[in-house]
Amino acid sequence: MFISTAGSSNPYHNTSHGATNGQAGAIINNLFLPVCSTPPTIDLNGAQTGTDYERTYLPGSPAILITDSSLNDIQDLDDIQMQQMTILLTNPLDSSYESLSMGLDSSTLAGMGLSAYTSTDKHQLTLNGDAMLTDYLTALGNTQYKNEAPNVTRINRTIEITVDDRGAISN
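Residues numbered from 1 in each chain as written. Predicted model: local features only at pLDDT ≥ 70, side-chain atom pairs only at ≥ 80, totals over all residues. Heavy atoms only, no water.

## Considering the pattern of salt bridges
Keep this limit in mind: In what follows, salt bridge is the name for a side-chain nitrogen of Lys or Arg lying within 4 Å of a carboxyl oxygen of Asp or Glu. In DSSP terms, a helix is any run of H or I states spanning at least four residues, a strand is any run of E spanning at least two, and both are numbered starting from the N terminus. Burial here depends on accessible area, computed with a 1.4 Å probe over protein chains only, as a share of the maximum for the residue type. Under 20% is buried, over 50% is exposed, and the range in between is partly exposed.
Counted under the stated rule, the structure contains five salt bridges. For the salt bridge of Asp-79 with Arg-166, the shortest nitrogen-to-oxygen distance reads 3.0 Å. Residue Asp-79 is found in the loop between strand E7 (73-75) and strand E8 (81-89), and its partner Arg-166 is found in the segment after strand E13 (159-164); the two are separated by 87 residues along the sequence. Accessibility expressed as a relative area gives 16% for Asp-79, which makes it buried. Using a relative accessible area of 45% as the deciding quantity, one classes Arg-166 as partly exposed. Taken together, the shared-partner salt bridges in this structure form one network comprising Asp-79, Asp-130 and Arg-166.

## Describing the sheet that holds E8
The line we're drawing: DSSP calls a pair of strands paired once it identifies at least 2 bridges connecting them. Only C-alpha atoms enter the line fits that serve as axes; for helices the fit covers just the stretch in contact. Angles between N-to-C directions range over 0 to 180 degrees. Contact definition: two residues touch when any of their heavy atoms are within 4.5 Å.
Within the open sheet, the four strands sit side by side as E10-E11-E8-E13. Their pairing is antiparallel. Looking at strand neighbours, the two that pair on one side only are strand E10 (115-118) and E13, the edges of this open sheet. Strand-to-strand twist of the sheet, defined as the mean angle between neighbouring strand axes without regard to direction, takes the value 15°. Across seven bridges, E8 lies against strand E11 (residues 124-132) in antiparallel orientation. The partner of Gln-84 across the bridge, within E11, is Asn-128. In the packing of helix H2 (residues 133-140) onto the sheet, contacts are made with E8, E11 and E13, and the angle to E11 comes to roughly 155°.

Laid out in structure tokens, this is it:
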């Protein structure tokens, strides 16, 4: 619990004032309670057990969507808007040949209140913007993976997805 006196420049300054005339007690001004946020949860496989989704990428193929948008779901008990989504290729075994990309153009994203940034190695895609859950789901459903290696390393890749609702980060 955080307690502040009226007019204090520090809203987390703990203050109590003793009562006068030998009486016990305290006067507390402007009680500030921290906001508790329930973290959002991401489910990429719908009603199936677990939350993961698996796709097969065939070497030499064009970019594929990393999820099935009809199965994607983000739940948040205390918020219908998100602030950020991070999509990370955790084990790029063919390094610079592998990439994540956004299948929506920047004007479409801007219309949803989102912007997309790709890391220089193209292994992380970050979406930013105070936008509705449905807009983040649309963007997620249009995220693509591609591997242009001449000899693709045939070991499973893992892509981690997290969302932030301004108060907590998802599973």
